[in-house]
Amino acid sequence: MGLLTIGAFAKASRLSPKALRLYDDLGLLTPARVDPVTGYRLYAPDQLEQARLVAWLRRLDMPLARIRHVCALDADAAGQEVRAFWAQVEADVTARRDLAGFLIDHLAGEDPTMSTTTSPLSIRYAALSDTGLVRESNQDTAYAGSRLLAVADGCGSQGAPAGAAAIDALKHLETDGIPAGNLLNVLEDVVDRAKQAVHDVTGSDSSPEYTGTTLTAMLWTGSQLALVHIGDSRVHLLRDGEMFQITHDHTMVQSMVDEGRLSPEEAASHPRRSLLVRALGQGADSTPEMRLQDARAGDRYLLCSDGLSAVVPQQDIHRALSEAGGPEEAVRELIALANGLGGPDNVSCVVADVFELQP
């Protein structure tokens with residue numbers, strides 16, 4: 001078969017002549033020959049496979065510069081690049097979905113406030129962090145106060161100060177009143193403050209290993225808890241005897257579970273199960289998961305690092321939360337469970353009970 005005109009090639013490749021001219025200008029799909037007299041572009045039949053690949057990648061909304069890179073790779077490397085691109089797309093979609101859900105919750109109800117006026121509900125709380133039985137130092141930070149509950153799990157040479165700095169950046173919420181309708185701005189501000197605080201700690205770190213921290217925090221508004229979550233620390237809710245995980249792990253392995261490439265059972269023992277796809281640190285995706293959680297009297301919340309959730313079976317966490325008396329007893333019992341199973345990691349727990357104020 002001889003060379004194809006741009007019209008015939010466009011029809012065969014399902015790309016418009018306008019797109020083919022653009023791809024030629026960008027060096028993405030160069031014609032086999034350009035007629036020196038007419039300037040018509042002519043294409044070889046064996047260019048159809050690359051043209052169709054370009055068309056498919058454009059349907060994924062892949063940027064042209066990245067398509068050029070993919071087309072220059074062998075088949076295996078190109079497949080890996082497409083997989084990496086789509087994983088990022090799904091992460092972005094997940095982040096937008098989380099934000100959309102938060103906005104729906106926020107707009108559906110009354111604007112919560114964090115004022116000093118008496119509320120019908122309040123919380124009792126306790127926080128405890130432990131080095132465990134294997135690690136030499138503790139890179140976790142746990143905090144509980146009348147308005148702020150938080151856990152951070154640091155990693156790298158500056159992990160401990162990074163986690164502490166992230167939580168310290170939020171502690172002004174304990175004393176600052178927040179006007180009605182301003183919660184969205186407050187949450188955006190606390191994430192920015194935490195990012196900057198971690199950057200201030202890790203920015204001068206010359207270690208080749210990654211340094212950063214997770215951050216999982218809940219802000220008590222008097223009737224709701226506003227969640228900010230980045231990483232793989234978790235929040236569980238015990239309500240009416242049932243325990244629910246209300247955060248989503250931002251890990252590579254959890255992404256593979258979401259994509260159907262791993263089962264939850266396989267993920268639990270995967271060697272890279274702790275590899276984060278979101279964190280606070282240099283070059284990391286720090287897009288937070290945010291949501292509003294309506295509180296009820298009798299609710300019990302647990303915030304914990306993966307030193308608990310990755311070590312102690314869920315049924316044992318559920319039982320300990322259900323049977324412990326107050327928050328202080330609960331955090332002690334949970335950490336004892338982790339250490340009883342070898343304490344391979346630092347472990348931190350925050351427990352908060354919601355109760356109704358008596359008039």
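Above this text sits the structure in question.
Residues numbered from 1 in each chain as written. Predicted model: local features only at pLDDT ≥ 70, side-chain atom pairs only at ≥ 80, totals over all residues. Heavy atoms only, no water.

## Focus on the packing of aromatic side chains
Working step 1: If you walk through the whole model with that rule in mind, you get 1 aromatic pair.
Working step 2: Relative to Tyr-43, the ring of Phe-9 has its centre 4.3 Å away and its plane inclined at 10 degrees; by these criteria the two rings are stacked. Pair noted here: Phe-9 is in helix α1 (residues 6-13) and Tyr-43 is in strand β3 (residues 41-43), with a separation of 34 residues, a long-range link. By the burial criterion, Phe-9 is buried, and Tyr-43 matches it.
Working step 3: Directly above the ring of Phe-355 sits Arg-124, whose terminal nitrogen or CZ lies 3.8 Å from the centroid. (Phe/Tyr/Trp six-rings, centres within 6.5 Å; stacked < 30°, edge-to-face > 60°. Helix = DSSP H or I, 4+ residues; strand = E, 2+ residues; numbered from the N terminus. Buried < 20%, exposed > 50% of the residue type's maximum accessible area, 1.4 Å probe, protein only. Lys NZ or Arg CZ within 6 Å of the ring centre and 35° of its normal.)

## As for the side chain of Thr-141
Working step 1: On the secondary structure map, Thr-141 appears in strand β5 (residues 140-144).
Working step 2: Thr-141 gets classed as buried once you look at its relative accessible area, which sits at 17%.
Working step 3: A distance of 3.4 Å separates a polar atom in the side chain of Thr-141 from the backbone nitrogen of Ala-164.
Working step 4: With residues up to four places along the chain from it excluded, the contact list for Thr-141 reads Ala-150, Val-151, Ala-152, Ala-160, Gly-163, Ala-164, Ile-167 and Ser-348. (Polar contact = N/O pair within 3.5 Å; in protein donor to acceptor, adjacent residues only side chain to side chain. Contact = heavy atoms within 4.5 Å.)

## A short note on the packing of helix α11 (residues 314-323) against helix α12 (residues 327-340)
Packed helices, taken two at a time, are described by their axes: the angle between them and the distance between them.
Working step 1: Close contact between α11 and α12 brings their axes to 9 Å; oriented N to C, the two are set at 155 degrees. With respect to their mutual orientation, α11 and α12 come out roughly antiparallel. The crossing of α11 and α12 is right-handed. For the pair α11 and α12, the contacting residues are Asp-316, Ile-317, Ala-320, Leu-321 and Glu-323 in the first and Glu-329, Glu-333, Leu-334 and Leu-337 in the second. (Axes fitted to C-alpha atoms, helices over the stretch in contact; angles between N-to-C directions. Parallel < 35°, antiparallel > 145°, perpendicular 65-115°, else oblique. Left-handed = near helix turned anticlockwise from the far one by under 90°.)

## Structural notes on the pairing of strand β8 (residues 215-220)
Working step 1: Taking burial as the measure, the 6 residues of β8 include 6 buried ones, the bulk of the element.
Working step 2: Of the two faces of β8, both are covered, the one formed by Leu-215, Ala-217 and Leu-219 as well as the one formed by Thr-216, Met-218 and Trp-220.
Working step 3: Pairing between strand β6 (residues 148-155) and β8: 4 bridges, direction antiparallel. Bridging across to β8, Ala-150 finds its partner in Ala-217.
Working step 4: In terms of strand pairing, β8 meets strand β9 (residues 224-230) through 6 bridges, oriented antiparallel. Note on β9: the bridge partner recorded for Leu-215 is Ile-230. (Pairing = 2+ DSSP bridges.)

## Examining the side chain of Ser-348
Working step 1: Here Ser-348 shows up in strand β15 (residues 347-356).
Working step 2: By relative accessible area, Ser-348 is classed as buried at 0%.
Working step 3: One polar contact links Ser-348 to Ser-129, side chain to side chain, over a distance of 2.6 Å.
Working step 4: Aside from chain neighbours lying at most four places away, what touches Ser-348 is Leu-128, Ser-129, Asp-140, Thr-141, Ala-142, Val-151, Leu-303, Cys-304 and Ser-305.

## Concerning the sheet that holds β3
Adjacent strands of a sheet form backbone hydrogen bonds with each other and so pair up, either parallel or antiparallel.
Working step 1: With antiparallel pairing, 3 strands are arranged side by side in an open sheet as β1-β3-β2. Both outer strands of the open sheet, β1 (4-5) and β2 (33-34), are each paired with one neighbouring strand and no more.
Working step 2: With 2 bridges connecting them, β1 and β3 associate as antiparallel partners. Across the sheet, residue Leu-4 finds its bridge partner in β3, namely Tyr-43.

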